[in-house]
Amino acid sequence: MRCTMMVFASLLAMSGWAVAATPPTKAPAAVKAATPAPQVHVIVVDTMQYGPMPTGVRAGDIIEWVNRGILEHTATARDGRFDLDLKPGASARMKATAGTVEVYCKFHPTMVATLVVK
Amino acid sequence: MKKSLFALAIALAFGTVASVQAQPAPAAATAPATIDDAQIAHIAYTAGQIDVTAAKQALKKSHNKAVLAFAEEMARDHAAVNEQALALCKKLGVTPADNPTSQALAKAAAAEQVKLAALSGDAYDKAYAANEVAFHQTVNQALSGTLIPSARNEELKSLLETGLKLFESHQMHAEHLAQSLK
Ligand SMILES: [Cu+2]
C-alpha cells in the first residue's frame, strides 16, 4: 500500500500545517520535579477501529487522537466528558481526567474502546 | 423485519454471483465461471455509488435531523471508500468491469429511488431507514460470502475488508435510526 501510505503521510503533513493549535508531539522536558510532568499518549485511529488504548495514563496527561484513515470519525465519551471530531488525517488533543471512560464513534457505532485514567 | 423488494432484488443479484461461483464451469460455458477482480471492484464501487445516490435523495427530501445526519455520513463515507477503490484500480492497472451483478444492483436501486421519491415526511424517513438496513445487510453478506473470498489481489481484498467493517457499522447505525423512527 505504498500509494496509500503516501496519501496518509501527506494528509498528516497537511493537517500539521493546518491545525496550528496542535503542536508536534514532544517528549516532556526532563525536568526533575516533585510531581511527574504530564505525558502525551497517542491513540491512532485507522481502518474502522481505535488503536490500543494507552496504559498508565494519569489525570492531567495529554491524549492525542490521530486519525490515519480515509474516513471521518469521532472520539466521544459515553458520559459526555469529551467529544472530538477527527477528520481524515487530522489529530486532536485533550487533557485526561480521572476515571474509566467508554469511548465510541458517533458515526460508526461498532467503534468502541475503554480508556482508563488514574 | 419487512424485507423490501430492493433487498430481494439485490439478494437475487448477488445470488447469481454466488450460484455461478458454486457451479463447476461447464466445458462449453459462455459465461465466466468466476468473478474476477475487475468485476469485484465494479460491484463494490456500484454498491457504494448506490448508497451515495440514496443519501443525496434523502438530503433533499428529509427534514428529520437524525435522518439528515445519517445521510450525510453515508454520502461522505462511501465517496471516500470509492475514491480509494478507484485509486487502487488505477495503481493496479485494473479497469472496473461492468457485469450482470452490477447491472442488477443498479436496476434495483433505480426502481427503489422512484418508489422513495413518491413518499414524503415520516413515511419517507421510515422507508429510507428500512431500506438502508436491508441494503447494508445484503451488501455485507455479499462482501463476506462472495466478494472478499473471490478477490485475488491482496490490496483489493484488504480494501474490501475495511469496506465490510464500514458497512457493518453503517448497518448498526441504520438499525438505530430505524428504531428511533418507530
Ligand atoms: Cu468512526
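Note: the structure precedes this text.
To start, this report covers the structure provided alongside it. (Residues numbered from 1 in each chain as written. Chains lettered and ligands numbered in written order. Predicted model: local features only at pLDDT ≥ 70, side-chain atom pairs only at ≥ 80, totals over all residues. Heavy atoms only, no water.)

The full count for this structure, using the stated rule, is 5 aromatic pairs over all chains. The interplanar angle of 45° and the centroid separation of 6.3 Å between the aromatic rings of Trp-65 of chain A and Phe-82 of chain A together place this pair among those described as tilted. Of this pair, Trp-65 of chain A sits in strand S3 (residues 62-67) while Phe-82 of chain A sits in the loop between strand S4 (73-77) and strand S5 (83-86), and the two are 17 residues apart along the sequence. When sorted by exposure, Trp-65 of chain A lands in the same class as Phe-82 of chain A, which is buried. Arranged with centres 6.2 Å apart and planes meeting at 70°, the rings of Phe-70 of chain B and Tyr-128 of chain B form a pair that is edge-to-face. A residue pair is termed long-range when its members are at least 10 positions apart, and Phe-70 of chain B in helix H3 (residues 65-92) and Tyr-128 of chain B in helix H5 (residues 121-150) qualify at 58 residues. For Phe-70 of chain B, a relative accessible area of 0% puts it in the buried group. You can call Tyr-128 of chain B buried: its relative accessible area is 0%. (Phe/Tyr/Trp six-rings, centres within 6.5 Å; stacked < 30°, edge-to-face > 60°. Helix = DSSP H or I, 4+ residues; strand = E, 2+ residues; numbered from the N terminus. Buried < 20%, exposed > 50% of the residue type's maximum accessible area, 1.4 Å probe, protein only.)

Take the nonpolar core next. Residues Tyr-50, Ile-63, Trp-65, Phe-82 and Leu-115 of chain A are the most contacted members of the largest nonpolar core, which totals 28 residues. Taken together, the elements giving at least two residues each to this core come down to strand S1 (40-46), S3, S4, S5, strand S6 (91-95), strand S7 (99-104) and strand S8 (112-117) of chain A together with H3 of chain B. It is S8 of chain A that contributes the most residues to this core, 3 residues altogether. Listed in part, the 20 residues of the second largest apolar core include Ile-43, Leu-88, Val-139 and Leu-156 of chain B. (Core = buried A, V, L, I, M, F, W, Y, C linked by side-chain atoms within 4.5 Å.)

All names here are of chain A. Burial of S5 is one-sided: the residues Leu-84 and Leu-86 facing one way are buried, the residues Asp-83 and Asp-85 facing the other way are not. As defined by bridge partners, S4 adjoins S5 across 4 bridges and the pair is classed as antiparallel. Considered in S5, the bridge of Ala-75 is made with Leu-84. Here S4 folds back onto S5, and the loop between the two strands holds 5 residues, one of which, Gly-80, carries a positive phi near 85°. (Pairing = 2+ DSSP bridges.)

Moving on, we get to the coordination of the copper ion. Geometry sets the ideal angles at a metal, namely 109.5 degrees for four tetrahedral donors and 90 or 180 degrees for six octahedral donors. All names here are of chain A. Here the copper ion is held by the protein donor atoms His-73 (ND1), Cys-105 (SG), His-108 (ND1) and Met-111 (SD), which lie 1.9 to 2.8 Å from it. Along the chain, the residues donating to the copper ion fall in the pattern H-x31-C-x2-H-x2-M. Taking relative accessible area as the criterion, His-108 reaches 0% and is therefore assigned buried. (Donors = N, O, S within 2.8 Å, 3.2 Å for Na, K, Ca; no water.)

All names here are of chain A. An order of S2-S1-S3-S6 is seen for the 4 strands of this open sheet, with the pairing classed as mixed. Strands at the two margins of the open sheet, each flanked by one partner only, are strand S2 (49-50) and S6. Strand direction decides the pairing type here: S3 and S6, joined by 5 bridges, are antiparallel. In the sheet register, Ile-62 faces S6, and the bridge partner there is Lys-95.

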